[in-house]
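What follows is each chain in one-letter form.
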Amino acid sequence: MFNYVSYWENRGWSGGEPEWIDEIFPHIPRGAKTVLDVGCSDGRYAPLFSKMDYTGVDINAGQIAIAKKKCPGCDFYVGDIIDWLDNFQYDLFFSSKFLQHIPPEYIEEVSESLKFRCKNGIMIECVGDGKGLAEHNWHHDYRKLFNVVHEEVLEGPVRLMVHGKK
Ligand SMILES: C[S@@+](CC[C@H](N)C(=O)[O-])C[C@H]1O[C@@H](n2cnc3c(N)ncnc32)[C@H](O)[C@@H]1O
């Protein structure tokens, strides 16, 4: 079986500066106080949510250690989201190039849990024919999995999608 922990530990991820801030920012719901950044890596998006209680979770312990140093005021946890989606409620979930890495056999469980636990969501994920995508990406039908109330093209196959409660 494919070992996600060692894959991500070996691959790591450094996305550099957060991208598409101007596009994301208007979709943060007014009044939202808590946010969960799923697959947060080194927490590069934490500053975007500086006015909220921010929690980041990632399977890669090395990236979480970096995130903790960069953003001491935030909560970061090491965990596989598939096991971790447990006992929490957040106003918002945020995923950047994360759900695309959840295998098809788990995506419904993960999306159902996110929808149940979080009122709203902002997703930046690759869709489409996969050209230019890295390995271990899957093309999920986000419109089927979430209640997508806004979608826009950011770059190539990368979309910004906003989930709102029905
Ligand atoms: C392409 S990186 C994106 C990181 C970050 N969201 C960003 O945009 O900078 C994908 C991240 O998802 C994490 N990841 C992959 N599968 C995961 C899982 N099942 N549970 C938690 N994190 C996971 C990886 O460790 C990696 O940091």
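My aim in this report is to walk through the structure given alongside it, one point at a time. (Residues numbered from 1 in each chain as written. Predicted model: local features only at pLDDT ≥ 70, side-chain atom pairs only at ≥ 80, totals over all residues.)

### Quick word on the sheet that holds strand E6 (residues 148-155)
The seven strands are arranged E3-E2-E1-E4-E5-E7-E6 in an open sheet whose pairing can be described as mixed. Taken across any chain shown, the strands that pair with only one partner, and hence form the sheet edges, are strand E3 (75-78) and E6. Averaged over neighbouring strand pairs, the angle between their axes works out to 15° when direction is ignored. Bridge analysis of E6 against strand E7 (residues 158-164) gives six bridges, and the strand direction is antiparallel. Bridge pairing links valine 148 to histidine 163 in E7. Sheet strands in contact with helix H3 (residues 61-70) are strand E2 (53-58) and E3, and its direction is about 165° off that of E3. (Pairing = 2+ DSSP bridges. Helix = DSSP H or I, 4+ residues; strand = E, 2+ residues; numbered from the N terminus. Axes fitted to C-alpha atoms, helices over the stretch in contact; angles between N-to-C directions. Contact = placed C-beta atoms within 7 Å.)

### Looking at the pairing of strand E1 (residues 34-38)
Within E1, four of the five residues are buried, which leaves it mostly tucked inside the rest of the structure. When E1 meets E2, the two strands line up parallel, connected through five bridges. What sits directly across from aspartate 37, in E2, is glycine 56. Summarising the sheet, E1 and strand E4 (residues 90-96) pair through four bridges and their orientation is parallel. (Buried ≥ 20, exposed ≤ 12 C-beta atoms within 10 Å, placed from the backbone.)

### Some thoughts on unusual backbone geometry
Its identity as a non-glycine residue notwithstanding, serine 41 has a phi of 55°, on the positive side. The residue serine 41 is located in the loop between E1 and E2 in this model. The exposure class assigned to serine 41 is buried, which follows from the 24 C-beta atoms found within 10 Å. Unlike most non-glycine residues, lysine 97 shows phi in positive territory, near 50°.

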